[in-house]
Structure formats: C-alpha cells, structure tokens
Amino acid sequence: MRYRSTKEIESLDEITIEAENGMLSNGKPKDDNMDEQPTTTDILNPFVHRLELETTYEKFKLAFLTVALLPIRLFAITVLVVVAWLLASVGLYGVTEEDLRREPLKGWRRKVVPYLCMLGRHTYQAGGMKIIVKGKQASRTEAPILVVAPHSTFIDGGIVYVTGFPSIIVRRESGQNPFLGKLINYTQPVYVWRDDPNSRQNTVKEIIERATSKQDWPQVMIFPEGTCTNRSCLITFKAGAFYPGVPVQPVCIRYPNKLDTVTWTWEGPGALKLLWLTLTQLNSSCEIEFLPVYKPSEAEKLDPKLYANNVRRLMAEALKIPVSDYTYDDCRIINKAHQLHIPNAAAIIEAHKLRLKLDLAKNNTEEELVRRKTHRFPETVDYQDFTRLLGLDENNATAHLLFKVLDKHHCGAIDFEQYIFTVMAMAHANTELDLVEIAFEVCSSNSSNTLNVQELRKALRLALNIQGDESDKIFHHMQREHQYTFVNHEMVLNVLSTRAEYQHLFAACDEARRKKKSI
C-alpha cells in the first residue's frame, strides 16, 4: 500500500477556515473574542441531495406523465436543439478554434446569437421550465464578468440564453463534443485543459485578457463555486473571476419549486433521473436575479480572495442563505469517503480543516502516534486525554472545536481509535482492503500489528463494518486451523477471500490496480 507524502495530502485540501478571514458560517462579521470562546454550529453538507416520491399520488402522477407528456417534451426539445445546432454550425462555418480565441465574432456571425438564445429559451419552455428574470443585466462596459451562484445543476446552463451567450469556462473535452460542442464554441469559451499542468494559470490569464480587452468580446460568465451544491449555502468562491480586478455583476439563481428535481450533487440522484423527473413535472420555474454591479475597492483589486469573499457575502444576503468555507476540493474528500464507505463525510471535512489549522496534518501527528506506540490506544478519551495524546494546548480554541466536531453524541468523550483510523484512512487508503491494513495498525497492541479476538472485533468494525459475532467467526476459523492466538491482516484477507459476500472487495481492489497501471 502506497502512503502519500504530507505535501501531497496538503495539496489535496488547500483550505482556509472562514473564521480566519473574519467571517463565520452565518455570514456575519467575527467578534474579536471568538477565538477564546468558540461556538458550535450545525454542520451543513452542501453536497448531499435527497429526493424521494413519498405519496402514492406523486408516484401515480409520475407514471402517467412519463407516458403522456415525456415523449412530447423530448420530441420538442430534440427538434429545437437540432435546429440550434444547425444554426451554430452555419455560423461557425470556416471559423477555426484559433479564430475563436483570437478575436470576437463579428458581422452576420454575431447576429446569429439572438436566434440561438431564442431557441435555447424555447427549449427550456418545451421542457416545462419557466425562467423568471429579476433585475437588469449590465452591459460589458459596466461589468465584463458575470458571477453566477449558487451552482446546483446542469440545468443552470440555461442562463447563457438569458444573458446573451456570454463566454463560459468549460473543459476542453466538452467543446470537442460533435453535437453540443458547436453551441458551446459559439460562446467563444475559455477552455480548461485538464491534462495541462499550467491549466489554472493559463485560464486565469485568459480571463484577465478577455475582461480587460478593448475588443467587443462577450461578457465572461463564471460559476465561482466550481462545483454543484444543494443551494443550502454558498461555498468558497474560487478567485479566478476576481483576478482581473474589474467590476462584476452578481447573478443569483433560485429554483422555487415544491419538488426539487434539479439539484445534482456528489451524493444524490444521477443526471438522467433528475432529467426524467424534471420533464415529468407539469411545470417548473427558475428565477434569475441580476444584482447591482459590484465595483471593487483598491484593497479588493489587490486581494482577489477578499474580493471573492465580499461578493459571496453580498450574494448570500440576497439569497438569504449562509456562507460556508467548503471548497471544490472538499468534494474529493466527500467522494473518497463515499467510495470507501466511511460515514460522516461532513464531519471529516470539518475535522480536516481544523487539523490543518492545528498543524496536525503538517506534522503527521496521528501517524507518528501509530508508529511510536508501544501499547493499544485507549478506545474512549475525554478532552484532556485527547489534547495530551495529540500534544495540543487544552486552552486552544481550535482544539476545543475539533473535539466538539468529533464528539457527535455530545457526551464529552470520543472514540480515539476511530479518529486515528479515519485520519489515516482518508490520507492513505485507496480501496476498502487498504482499510483493513490500516485498522490493524491502529487497533494492535504490539509492534507486529497482530490482533487478538477483541482487537479484531474493533478493527473489522472500523474497516468493513463487520459486526462482532461475524468477526468472532472469522477469528475462530483461523484458530481452529492453525491454533492462532493473534492474527495479522493477511490471514484475515485470506479468510475473507473465500467468502462470497466479500468478493466485491477483492474485485474493486483488482480494478483499482489495473487503473493505476494504465496511468
């Protein structure tokens, strides 16, 4: 099993606590004394969306409209998209990708844009989506950049038809799509090249050039969150839209529907299910609100992160939702926790940020504890023991907050082995079988990482959520065959490999190895 370096782990989550920037998660200015008296707040998880049809009536309506309405809507949408594609193909005939990046479209090609926008709006209407516009869009001269949030669904793309086809930030692969690529290219997008190590710098450079150019480029439209959330809060804005230091126009998106069939997050319904449920609603609505142009101060021009935070706070107030210091990189943690079936992803993210602030991640404190230990960790510890084991100051407000995040039952004690296991698993595990090895390291009472029957119970519960009676059967199976008093993780894996209910673990491990070799 390959362990990542500290540098790799830190680069995965370059996260700053919003409190350090003078803001709390409710969007209000921080009190100067808050470092000494931390308060606990509910942890929002903006990357989860639950959608279930609860009543028989809703299920019957869905079935009926799937037969009676969905085919008609799909046909209408297909016709409109094909017409738009043909029009975009004509408008881009004889134009190379280099031409699109060099200068804005002119003449008759530019006059095609209003017709593409009209077709796009009709496409949304054909799908039952009513778009309501509030406020007034500023011109490019007033605001070269449109900052749009919250980003919660692929349906958000409809805003390009309302805003006159502004240039979007999009992956290069999307523009190469033989069908939708034509429509995307007509916006003269700023492409992100994922295989280019300098992609981020080049993207920011091109945004600055577009925003400050004297040529008549379209406005640049950016979703600064960088990923989809469930609209429960505004997560950290990336600074790309704010590097040029030019005025921006904040644009808020709302979906005030009784049944939320559009939200597309890391954990929740897939895109096809959401599209099906949306197209089988009698009607849906999307509100797009243009806020007044935000002109940066001199301090904000010099500090893009400050600029981004202030615009985010303004938008959060308009949306009446809190801000949160979640970032796009937090999605990686959530995704990994989901893949490894490690629960409480939101708490894992909060704990990780606090560990960064306490330098626990930088110093590999938990791993050093495991490496140097001469006896098993106490299973349950109070706050004093927690700080003593990790070498933290009891009076440190951040240490207090970390303990409270981990104390999910509010009983004044936490499972220390579970904490250490989760930290090491998120840093080093790539498959669920890796979790078994890590659990052996954490739960063992000796340097050889072997476990007795009680220790094996804890290790298998942490790694694979195997209950105590099943763990005992595994242990006694090895004891009968070899008279073992202690077992190591390889012995346990050999037993698991003979059982049908655990074969998927080994298949997933083999698949992960094949992918690693192919890279």
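Trainee: Hey, could you run me through the nonpolar core in this one?
Mentor: Generally speaking, a soluble globular protein has its nonpolar side chains buried in company with each other. By size, the foremost hydrophobic cluster in this structure holds 70 residues, and its most contacted members are Phe386, Phe416 and Tyr419. Excluding its chain neighbours within four sequence positions, the residues that come into contact with Tyr419 are Arg355, Leu360, Glu366, Phe386, Leu390, Leu402 and Leu406. Counting 41 residues, the second largest nonpolar core, distinct from the first, contains Ile77, Leu105, Cys286 and Phe290.

Trainee: Explanation requested: helix H17 (residues 383–390) in the structure shown.
Mentor: Since the α-helix turns once every 3.6 residues, residues separated by three or four places project in the same direction. Every buried residue of H17 is listed here: Tyr383, Phe386, Thr387, Leu389 and Leu390. Here the buried residues of H17 occupy an arc of 165° about the axis, which is enough to place them on one side. Where H17 is buried, its residues meet helix H16 (365–372), strand S8 (380–381), helix H18 (397–406), strand S9 (414–415) and helix H19 (416–428). Immediately downstream of H17, the backbone of Gly391 shows phi near 70°, a positive value.

Trainee: Before we go on, may I ask you to explain the pairing of strand S7 (residues 284–290) in this structure?
Mentor: For a regular strand, the rule is simple: side chains alternate between the two faces of the sheet. Among the seven residues of S7, seven are classified as buried, and the element is accordingly described as predominantly covered. Sheet analysis places strand S1 (residues 129–134) next to S7, joined by six bridges and oriented parallel. Directly across from Ile132, in S7, lies its bridge partner Glu287. Of the strand pairs in this sheet, strand S6 (residues 248–254) and S7 are connected by four bridges, and their pairing is antiparallel. Directly across from Val251, in S7, lies its bridge partner Phe290.

Trainee: Quick question: what am I supposed to make of the environment of Thr263 here?
Mentor: Looking at the element boundaries, Thr263 is found in the loop between S6 and helix H11 (271–279). For the pair Thr263 and Phe47, spaced 216 residues apart in sequence, the C-alpha separation works out to 9.7 Å. Other than its neighbours up to four places away in sequence, Thr263 contacts His49, Ser152, Thr229, Asn230, Arg231 and Leu274. Separated by 2.8 Å, the side chains of Thr263 and Arg231 make a polar contact. At a separation of 2.6 Å, a polar atom in the side chain of Thr263 contacts the side chain of Asp260.

Trainee: Hey, could you run me through the packing of helix H20 (residues 432–443) against helix H21 (residues 453–464) in this one?
Mentor: In a pair of packed helices, the angle between the axes and the distance between the axes together describe the arrangement. Look at H20 against H21: their axes get within 8 Å of each other, and the N-to-C directions meet at 145°. Classified by chirality, the crossing of H21 by H20 is right-handed. Taken together, the residues of H21 that come into contact with H20 (itself represented by Glu432, Leu435, Val436, Ala439, Phe440 and Cys443) are Glu455, Leu456, Lys458, Ala459, Leu462, Ala463 and Leu464. The class makeup of the residues in the contact of H20 with H21 is 10 nonpolar, no polar and three charged.

Trainee: Where do I start with the environment of Ala88 in this structure?
Mentor: Its location among the elements puts Ala88 in helix H3 (residues 70–91). On a C-alpha basis, the gap between Ala88 and Leu183 in space is 6.0 Å, while along the polypeptide they are 95 residues apart.

Trainee: Would you take a moment to explain unusual backbone geometry for this structure?
Mentor: The general pattern is negative phi for most residues beyond glycine and trans for most peptide bonds. Here the amide bond leading from Ala149 into Pro150 is cis, since omega sits at -5°, within 30 degrees of zero. Looking at the secondary structure, you find Pro150 in the loop between strand S2 (145–149) and helix H7 (159–162). Notably, Asn364 is not glycine yet its phi reads approximately 50°, a positive angle. Among the structural elements, Asn364 can be located in the loop between helix H15 (345–357) and H16. In this structure Asn364 comes out as partly exposed when scored by relative accessible area, which is 21%.

Trainee: Where do I start with helix H13 (residues 304–319) in this structure?
Mentor: Over its 16 residues, H13 runs 22 Å from end to end, which matches the ideal 22 Å to within 8%, given 1.5 Å per residue. Elements in contact with the buried residues of H13: S2, S6 and helix H12 (298–302). Downstream of H13 by one or two residues, Lys320 has phi in the positive range, about 60°.

Trainee: Any chance you could explain the sheet that holds strand S3 (residues 167–171) here in plain terms?
Mentor: Within a sheet, neighbouring strands are paired by backbone hydrogen bonds and run either parallel or antiparallel to one another. Spatially, S1-S7-S6-S2-S5-S3-S4 is the arrangement adopted by the seven strands of the open sheet, whose pairing is mixed. Every interior strand has two partners, whereas the edge strands, S1 and strand S4 (190–192), have only one. Averaged over all pairs of adjacent strands, the angle between strand axes in this sheet comes to 25°, irrespective of strand direction. Summarising the sheet, S2 and S6 pair through five bridges and their orientation is parallel. Counterpart to Val148 in the pairing with S6 is Val251. Contacts between helix H10 (residues 199–212) and the sheet are confined to S2, S3, S4 and strand S5 (220–222), with S4 contributing the most and set at about 175° to the helix.

Trainee: For this particular structure, what's the right way to read empty space enclosed by the protein?
Mentor: Picture a little ball the size of a water molecule; that probe, rolled over the atoms, points out where space is still empty. Scanning the entire structure with this criterion turns up two cavities of 30 Å³ or more. Volume-wise, the largest cavity comes out at about 50 Å³. Taken together, Tyr124, Met129, Ile131, Ile155, Asp156, Gly158, Ile159, Ile253, Tyr255, Cys286 and Ile288 make up the lining of the largest cavity. Only S1 and S7 provide two or more residues apiece to the lining of the largest cavity.

Trainee: Can you help me understand a nonpolar patch on the surface in this one?
Mentor: Taken together, the side chains of Val82, Leu86, Phe179 and Leu180 make up a nonpolar region of the molecular surface, amounting to roughly 310 Å² of accessible area. Its location among the elements puts Leu180 in helix H9 (residues 180–186). Here Leu180 falls in the partly exposed class, since its relative accessible area comes to 43%.

Criteria and cut-off values
- Residues numbered from 1 in each chain as written.
- Predicted model: local features only at pLDDT ≥ 70, side-chain atom pairs only at ≥ 80, totals over all residues.
- Heavy atoms only, no water.
- Core = buried A, V, L, I, M, F, W, Y, C linked by side-chain atoms within 4.5 Å.
- Buried < 20%, exposed > 50% of the residue type's maximum accessible area, 1.4 Å probe, protein only.
- Contact = heavy atoms within 4.5 Å.
- Helix = DSSP H or I, 4+ residues; strand = E, 2+ residues; numbered from the N terminus.
- Arc of directions from axis to C-beta.
- Pairing = 2+ DSSP bridges.
- Polar contact = N/O pair within 3.5 Å; in protein donor to acceptor, adjacent residues only side chain to side chain.
- Axes fitted to C-alpha atoms, helices over the stretch in contact; angles between N-to-C directions.
- Left-handed = near helix turned anticlockwise from the far one by under 90°.
- Nonpolar A, V, L, I, M, F, W, Y, C, P; charged D, E, K, R; others polar.
- Expected span 1.5 Å × (residues − 1).
- 1 Å grid on protein atoms, 1.4 Å probe; cavity = no way out; pocket = protein on both sides within 12 Å on 5 of 7 lines; lining within 4 Å.
- Points joined across faces, edges and corners; volume = space filled by probe spheres on them.
- Patch = residues over 30% accessible without salt bridge, like charges linked within 9 Å, V, L, I, M, F, W, Y side chains within 5 Å.
- Areas by Shrake-Rupley, 256 points an atom, 1.4 Å probe, with all protein chains shown as cover.
- Salt bridge = Lys/Arg side-chain N within 4 Å of Asp/Glu carboxyl O.

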